[in-house]
Amino acid sequence: MRTGKTGTMLLLSTFFGVGIILRGFGINLFQADFGYGTFEASTQTNMKTLCTFLLLLICGIAFAQNGTISGKILDQKQQPLTGASVLLLQLPDSATINGQSTDLNGDFHFKNSKHGKYIVKIVMISFITIYKSFEFSGSDLTLPPFIMVEKKNTLKEVTISSNIPQLEQKSDRLVVNIEKLNTTGDNALEVLKKAPGVRLDKDDNILYRNNGGVVVLIDGRRTYMSGAELSNYLKNMPGNALSKIELIPNPPGNYDAEGTAGMINIILKHNKLQGYSGSANANLGYGKYGKAYGGFNFNYNSGKFSFFARSNTGYYSSYNKLTLSRQIGTDLYNQYNLWRPKTLATGYTIGTDFYAGKKSTFGVMFKGYNNPTDAQFTSMSNTLNNLGEQTAIVTSLNPQKTYTGTYSINLNYSLSLDTTGQKLSFDADYVHSASTNNENYTNTYFNGNGNIIGNSIDLRSTAPIYYNIKSIKADYVLPLKNKFQFEAGVKSSLVNTHAVIAFDSLKAAGYILDPKRSNDFVYEENINAAYATLNKTFSPKLDVKASLRAEQTVSTANSLSRNEVVKRNYLQFFPSAFITYKVNADNQLNASFSRRISRPGYSSLNSAIRYTDPYTAIQGNPYLQPSISQSYVLNYTYKSFQILSLSYLKVNGDQSSVINQNDQTKESITTYQNLGSAQSFLATSAGTFNIKKWWNVNYQLAASFDKVNTVVGANPYSSSRLAWSVSGDNTFYLPKSFKIQLTGEYDSPSINGLARVLSSSQIDAGITKTMLEKKLNVSFKVRDIFFQSRYRSILQYNNVNTRWNNEYESRRFTLGLTYNFGNTKLKTARNRQNGSKEEEGRM
């Protein structure tokens, strides 16, 4: 193994030098546990700390430079070839040193190349492979243009059958290739739930590694939605719009530190499309109620200018049936809720990129999402005494009208400063979101014999909520000699939210405001961040990366109606480290560590009480603290297949919903609280193989041990559980372009926060027919054939003894059509990340 002693000492001295300086400010970087909590920091001290940190890294590595091997690939008409695979092989053993694909201009650049003898190997479908040997002195070298010759007797258009596995383990993420699945009839949330380590809680919020502190990106950008809004958005997006799902347990320093469990990046199909190309789809479905949805995506690329557009719209009629059973003292309280929403949702994205020469690119993107919903909510509660006799009944009729509209614009610019890979990029974002929720309640009370007691009680509530988010960020990449690479960046964001929750009771004089259940809430937040990353390739087998990110948070939560103000000002540091070791061409080991944070969602800080029925409500907590996590991951992969992945996640101050039950009024009010600690040990294995040529199997196995230790009220609480899950996707390839898919999954009992979750299972079956030269796909699918997919849980602590059974329209029949048009020889679109990454998902 070839190693660089100078590079090793430089990496270690830089990291420990940063630790020594931070120790001078009272921050011990070398402690295994960074602890939980916040501390005050003046702006002047914070800026000195950040500037000193960045200056040390830059000074420690500025002495080095390195050589770059560059070249251009052209066809016989002297036009650039984009997407050609270029491999750099080192003589005399022809070991692969580096590899990449050519960019839009047909160019490639191998940075940080050492003196020696090399071979360039150039491969592209339908072209003759090129080999070129040369000697490199260590100074920058531009090779003469390579002209690729098209193979004779090949078709003008070749359709390639993809051999990409359903799951691919990369150095820092697990990639799920959704296009390998039959997603007809599935929405995006249901597809996401199939990814390893992803589950949903009782409210359909996304859990990753059994923790709700996960940040969800779409095409590398945050969604600017609360947990409930994100779930509804994904429910209204067809599953066949997804291309990939990236699971990132330990994101590096150029990502926001938000998300104690890590990040999930959902990549949509339009992200691959360039040139004149696109697709359109239409779907009809039926479970207990009908639904219809469809969409299109379109892309045009002229070389200097590209335009892309995507839209999905659909009408969804469905239901959700929740059954609650509560033991309150000696009485048994049973509640039956039925929610019947009808939604007409539309999402759209429009964007353009302008390539101003070889070095600079301008881009702009606009996204919008509208979701008006009319819902009928009915509830019936009955109370049984210890003899099983019915003593009281309450019914509630609750019509609801809600609307959510989110609009965002992103401006971005990137500049290549030289041919070595030195790069500077900027992003600016603005997001505006507005939602309204108007509800009316008619509550009627009966005695045990079913006779009405008094008059019905009429109530109403309104809840307009507005969000404005502004952010700007800059990133810098500097390749160095001896196979070092330095990255640094800064970011600042401003958040302003305003929610007016008004709850009225109908009295003789008309509707009267109930101040106990109402609140005028304003929240303001400013986050300033800086990061630096140093990467070193010691040899073709060993690669090491270390990052340090600093984030200062200044916030004010102001409950105007209650004269309650909570201010915070704290600075936190988030280190991360990554090691990749390639044992040989087929076997690879990856190890990573990160420290991360989950700040409270904006609405969870609002202390207004929001009732869903006469006995059930949710109340925010303005004193809710951020959660801090430490995460360790070790992966072993064979030919990009995840043979084994081991991870450990510890979250201090884990944010969780806690039920406070009043035995006299029978009210159960759910609030958000910080738990003591939550730990999760997780082992997973996934892969793909062929039983026969016509029978392909993709499998996932997972086992976890989860543990929670905390105090609820004044009482200690501890819970632990060993859980496991298994899923398999079988694809049968039949003659005449038919394909049958049979999928099954099972989740064993587990724990999540204070809840003990019961088992669930699901079996799907579908058939697909491809026709019209593989441009048209016709699919039919039956989802959850045996109707076993539902959320069931038990909560037992203090005086709370509750059972949940949440059933929804999981069994559905769907017929889908997808038509692809335009050029199928596609280039890869630019995958940009916007600057507002930490603020998304908290609304």
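Here the structure is shown first, and the text comes after it.
Rules behind the numbers
Residues numbered from 1 in each chain as written. Predicted model: local features only at pLDDT ≥ 70, side-chain atom pairs only at ≥ 80, totals over all residues. Heavy atoms only, no water. Helix = DSSP H or I, 4+ residues; strand = E, 2+ residues; numbered from the N terminus. Buried < 20%, exposed > 50% of the residue type's maximum accessible area, 1.4 Å probe, protein only. Contact = heavy atoms within 4.5 Å. Areas by Shrake-Rupley, 256 points an atom, 1.4 Å probe, with all protein chains shown as cover. Pairing = 2+ DSSP bridges. Axes fitted to C-alpha atoms, helices over the stretch in contact; angles between N-to-C directions. Polar contact = N/O pair within 3.5 Å; in protein donor to acceptor, adjacent residues only side chain to side chain. Salt bridge = Lys/Arg side-chain N within 4 Å of Asp/Glu carboxyl O. Phe/Tyr/Trp six-rings, centres within 6.5 Å; stacked < 30°, edge-to-face > 60°.

A. The overall build of the chain, seen in detail. Broken down by element type, the chain carries four helices and 49 strands. Counting over 843 residues, the chain shows a buried share of 53%. For the chain, long-range pairs separated by at least 24 residues make up 67% of all intrachain contacts whose partners lie at least 6 apart in sequence. With the model as given, the accessible surface of the chain reaches about 36,600 Å², and the carbon-plus-sulfur share is 58%.

B. Region of interest: the sheet that holds strand 37 (residues 655–661). Strand order in the open sheet made by the four strands is 33-34-38-37, with mixed pairing throughout. Each having just a single partner strand, strand 33 (609–613) and strand 37 make up the two edges of the open sheet. Recorded for the sheet is a direction-independent mean angle of 30° between the axes of neighbouring strands. Pairing of strand 33 with strand 34 (residues 616–619) involves four bridges; the strand directions are antiparallel. Its bridge partner lying in strand 34, I609 is registered against Q619.

C. A look at the sheet that holds strand 14 (residues 221–222). As summarised here, the arrangement of the six strands in space is 9-10-15-16-13-14, forming an open sheet in which the pairing is mixed. Every other strand in the sheet has two partners, leaving strand 9 (167–169) and strand 14 as the edge strands with one partner each. Strand direction decides the pairing type here: strand 15 (residues 242–248) and strand 16 (residues 262–268), joined by six bridges, are antiparallel. From the neighbouring strand, L247 faces strand 16, where its bridge partner is I264.

D. Geometry of the environment of K707. Tracing the backbone through its elements, the reader meets K707 in strand 40 (residues 695–712). For K707, a relative accessible area of 33% gives the class partly exposed. Sequence separation between K707 and A678 is 29 residues, and the spatial gap between their C-alpha atoms is 5.8 Å.

E. Focus on the environment of N635. The topology assignment puts N635 in strand 35 (residues 627–638). Taking relative accessible area as the criterion, N635 reaches 7% and is therefore assigned buried. Here the alpha-carbon distance between N635 and S685, two residues 50 residues apart in the chain, equals 9.7 Å. When sequence neighbours within four positions are dropped, the list of residues in contact with N635 reads Q169, Q588, L589, N590, Q642, L644 and S645.

F. Representation of the pairing of strand 35 in the model. Direction of pairing for strand 32 (residues 587–598) relative to strand 35: antiparallel, over a ladder of 12 bridges. Residue pairing in the sheet places Q588 in a bridge with T637 of strand 35.

G. Structural detail: the environment of T688. Position of T688 among the secondary structure elements: in strand 39 (residues 677–692). Here the alpha-carbon distance between T688 and G728, two residues 40 residues apart in the chain, equals 9.7 Å. Of the polar contacts made by the side chain of T688, one reaches the side chain of N696; its length is 3.4 Å. Reaching out from T688, the side chain makes a polar contact with the backbone oxygen of V697 at a distance of 3.2 Å.

H. Looking closely at the pattern of salt bridges. Within the structure shown, the criterion is met by 24 salt bridges. Residue D172 pairs with R173 through a salt bridge whose shortest N-O separation is 3.0 Å. Both residues of the pair, D172 and R173, belong to the buried class. Two residues, R783 and E190, come together in a salt bridge whose shortest N-O distance is 3.4 Å. In this pair, R783 sits in strand 46 (residues 776–783) while E190 sits in helix 3 (residues 188–192), placing the two residues 593 residues apart along the sequence. Overlapping salt bridges, with partners in common, bring together D186, E190, K194, D764, K781, R783 and R812 in one network.

I. Structural detail: the packing of aromatic side chains. Using the criterion set out here, one finds 23 aromatic pairs in the structure. Pairing F593 with Y632 gives two aromatic rings, centres 5.0 Å apart and planes at 40°, and the pair type is tilted. Placement of F593 in strand 32 and of Y632 in strand 35 is noted, with a sequence separation of 39 residues between them. Arranged with centres 5.2 Å apart and planes meeting at 35°, the rings of W695 and F732 form a pair that is tilted. Note that W695 is positioned in strand 40 and F732 in strand 41 (residues 715–734), a separation of 37 residues in sequence. In this structure F732 comes out as buried when scored by relative accessible area, which is 19%.

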